[in-house]
Amino acid sequence: MFKLLTSVLALTTTVAVAEKFGNFYNYWLYNSTANIFDLTRYGSSNPITLPTLSNRNSSIIIAPERSALVIVDMQNYFLDPELSPGAKAGRAAVAPTLQLIDAFRAKGMPIAWVQWGIDEYDLTHLLSPSFLYGFSDGKHANTSFCSEMGTVHNGTIDAGKLLCRGAWNAQQYGPLYTSYLQGLEMGTDFYFNKNTLSGLWGVFTPFEQWLHDTGVTTLFFGGVNTDQCVFGTMIDAVYKGYDTIMVEDICGTTSPYYATQMVVYNIGGDGWTTNTSMILPALA
Ligand SMILES: *[C@@H]1O[C@H](CO)[C@@H](O)[C@H](O)[C@H]1NC(C)=O
Ligand SMILES: *[C@@H]1O[C@H](CO)[C@@H](O)[C@H](O)[C@H]1NC(C)=O
Ligand SMILES: *[C@@H]1O[C@H](CO)[C@@H](O)[C@H](O)[C@H]1NC(C)=O
Ligand SMILES: *[C@@H]1O[C@H](CO)[C@@H](O)[C@H](O)[C@H]1NC(C)=O
Ligand SMILES: *[C@@H]1O[C@H](CO)[C@@H](O)[C@H](O)[C@H]1NC(C)=O
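Every chain begins its residue count from 1, and numbering advances along the sequence as written. Here every chain gets a letter starting at A, and every ligand a number starting at 1, in the order they are written. Per-residue local features are limited, in this predicted model, to residues with pLDDT of at least 70; the limit for side-chain atom pairs, both in listing and counting, is 80 or more; totals at the level of whole chains, interfaces and linings are taken over all residues.

Going by what an unreviewed UniProt entry lists, the chain is known as Isochorismatase hydrolase and is assigned to Calocera cornea HHB12733. On record in UniProt, under Sequence similarities (unreviewed entry), the comment for the chain is "Belongs to the isochorismatase family." UniProt positions are given in the numbering used here, feature names are shortened, and annotations may be inferred rather than shown by experiment.

### Let's talk about the overall build of the chain
What the chain contains, in helices and strands, is eleven helices and 13 strands. On the principal axes, the C-alpha backbone points of the chain span a range of 85 × 35 × 35 Å. Taking as baseline every contact in the chain between residues at least 6 positions apart, the subset at least 24 positions apart corresponds to 63%. Under the scheme used here, helices are H or I runs from DSSP no shorter than 4 residues and strands are E runs no shorter than 2 residues, and both carry numbers assigned from the N terminus. A residue pair is marked as a contact if its C-beta atoms, positioned from the backbone, fall within 7 Å.

### Some thoughts on the site of ligand 5
As a rule, any residue with its backbone-derived C-beta atom within 6 Å of a molecule or strand is reported as near that molecule or strand. The environment of ligand 5 is made up of Pro 96, Asp 249, Asn 275, Thr 276, Ser 277 and Met 278. Top element by residues in the shell around ligand 5 is helix α11 (residues 276–283). It accounts for three residues. In this classification, the charged set is Asp, Glu, Lys and Arg, the nonpolar set is Ala, Val, Leu, Ile, Met, Phe, Trp, Tyr, Cys and Pro, and all remaining amino acids, among them Gly, are polar. Here the residues of the shell around ligand 5 are counted per class, giving two nonpolar, three polar and one charged.

### Side note on the pairing of strand β1 (residues 19–22)
When β1 meets strand β2 (residues 27–31), the two strands line up antiparallel, connected through four bridges. Residue pairing across strands places Gly 22 opposite Tyr 27, the latter belonging to β2. Think of it this way: DSSP has to see at least two bridges between two strands before they count as a pair. Between β1 and the antiparallel strand that follows it, β2, lie four residues.

### Digging into the packing of helix α4 (residues 94–106) against α11
Between α4 and α11, the least distance of the axes is 10 Å, while the angle of their chain directions is 25 degrees. In terms of axis orientation, α4 runs roughly parallel to α11. Here α4 and α11 pass one another in a crossing that is left-handed. Within the contact between the two elements, α4 uses Pro 96, Gln 99, Leu 100 and Ala 103 and α11 uses Thr 276, Leu 280 and Leu 283. To obtain an axis, a line is fitted to C-alpha atoms, over the contacting stretch when the element is a helix, and the angle between two such axes runs from 0 to 180 degrees between their N-to-C directions. Angle categories are assigned with fixed cut-offs, so that under 35 degrees is roughly parallel, over 145 is roughly antiparallel, 65 to 115 is roughly perpendicular, and the rest are oblique. Each crossing is labelled by how the near helix is turned from the far one, with a counterclockwise turn of less than a right angle marking it left-handed and a clockwise turn marking it right-handed.

### Details of the sheet that holds strand β7 (residues 111–116)
The sheet built from six strands is open, its strands ordered β10-β7-β6-β11-β12-β13 with parallel pairing. If you trace the sheet from one side to the other, it starts and ends with β10 (189–194) and β13 (272–274), each paired once. Strand-to-strand, the axes of this sheet are offset by a mean angle of 25 degrees, without reference to chain direction. Across six bridges, the pairing between strand β6 (residues 67–72) and strand β11 (residues 218–224) is parallel.

### Re the environment of Pro 281
Within the secondary structure, Pro 281 is located in helix α11. To sort residues by burial, count the other C-beta atoms lying within 10 Å of each one's C-beta; a count of 20 or more means buried, 12 or fewer means exposed, and anything in between means partly exposed. C-beta atoms are built from the backbone. You can call Pro 281 exposed: it has 11 C-beta atoms within 10 Å.

### What to know about the UniProt feature "domain: Isochorismatase-like" (unreviewed entry) in the chain
The UniProt entry lists residues 67–259 under the feature "domain: Isochorismatase-like" (unreviewed entry), expressed in the numbering used here. Along residues 67–259, the helical share is 38% and the strand share 20%, with 27 Å between the first and last C-alpha atoms.

### Quick look at the sheet that holds strand β3 (residues 36–38)
Spatially, the five strands line up as an open sheet ordered β1-β2-β3-β5-β4, and their pairing is mixed. Two strands bound the open sheet, and with one partner strand each, they are β1 and β4 (48–51). When the angles between neighbouring strand axes are averaged without regard to direction, this sheet yields 25 degrees. Looking at chain direction, β3 and strand β5 (residues 59–62) are connected through three bridges and run parallel.

### Considerations on the pairing of strand β12 (residues 243–252)
In summary, the side chains of a regular strand alternate between the two faces of the sheet. By the criterion of burial, β12 is predominantly enclosed, with nine of the ten residues buried. Relative to β12, β11 runs parallel, the two being bridged by six bridges. The partner of Leu 219 across the bridge, within β12, is Thr 244. Following the chain from β11 across helix α9 (residues 226–239) to the adjacent parallel β12, one finds a crossover that is right-handed. When the strands point away from the viewer and the connection leading from the first strand across the helix to the second strand turns clockwise, the crossover is called right-handed.

### Some thoughts on the packing of α9 against helix α10 (residues 257–270)
For any two helices packed against each other, one specifies the crossing angle of their axes together with the interaxial distance. Two numbers describe how α9 lies on α10: the axes approach to 11 Å, and their chain directions differ by 15 degrees. One finds that α9 runs roughly parallel with respect to α10. Remark: the crossing between α9 and α10 carries left-handed chirality. Judged by residue contacts, Thr 226, Asp 227, Phe 231, Met 234 and Val 238 of α9 engage Ala 259, Thr 260, Met 262, Val 263, Ile 267 and Asp 270 from α10. For the contact of α9 with α10, the class distribution of residues is seven nonpolar, two polar and two charged.

### Points about the nonpolar core
If you look at the biggest cluster of nonpolar residues, it comprises 65 residues, and the most contacted ones within it are Leu 69, Val 70 and Phe 221. Per-element accounting of this core gives the leading share, six residues, to α9. When near neighbours in sequence (up to four residues on either side) are disregarded, Leu 69 contacts Leu 100, Ile 101, Phe 104, Met 109, Ile 111 and Phe 220. We define the nonpolar core as any set of buried residues of the types Ala, Val, Leu, Ile, Met, Phe, Trp, Tyr and Cys, connected via C-beta atoms lying within 7 Å of each other.

See the structure below:
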């Protein structure tokens, strides 16, 4: 009897148990020996292990069933060369974004397009003075959201009302729009309007409703601007208990370099940062 007890004790001390961070429903399992965070929660029929640059280059194990790629504000307003001549970093993010979209779709992981799409109710009830001013010409309130932008591309395109729902300037930029339309047809892509920097600010946004309904808990992020709408949505995702992974090379900004450094530093601590060059091989 005594012998049996000691051998049971010996067994329990040699089999390492991964450390659990979280509660009954929402948790990570961390294996400090392997430096791997298991984010699958209820397991997965097809778990994927991905390298990151955070927490001493830890790896993460994700459940494709509960993971999504979130693309924030890759809209004509922010990326068209005529409307945003300075958005070089954002335009450079387009090619790796398209690659990652294809890789996610191939693994059955959805794409969530989260972007400005102002409507009448937002205009009259929800928009804060700060953003109404920030998106104006700095002088006149009637130049802000949903004001007419006129035509672009030598008069061939009506840009429509500024970041207003359905306007051309509020559509995904260039090849991303084509990819999005394909994704809608395939049933892999989902679209969510937002009315402030964050797609998760407010009582229950359309994007949050979708996360709730689908049970998606692990979010990979890209978009523009890194330090504004992407960071705003990422930090709210952290606050609300979602796994937040910033994919650095599919983010871009027109802000000074230190704005990006702040985001990489903080999301690297609150979640993870990684790069398409690191994760694409594991998704192939
Ligand atoms: C943690 O990782 C180590 C090294 O890869 C492995 O030997 C061990 O079985 C793992 N523990 C758990 C609980 O998965
Ligand atoms: C993490 O990986 C990067 C890139 O390979 C490397 O430069 C860095 O030194 C690594 N950091 C740690 C803590 O191992
Ligand atoms: C916008 O408001 C200014 C006064 O603040 C006015 O002069 C201008 O005509 C208005 N523009 C439009 C398009 O209504
Ligand atoms: C507009 O027209 C000019 C002159 O023909 C041309 O150089 C330019 O590329 C055109 N711009 C766009 C966006 O089509
Ligand atoms: C991230 O990926 C880009 C390609 O999109 C590559 O140019 C860059 O070197 C990579 N950065 C790191 C840190 O791996």
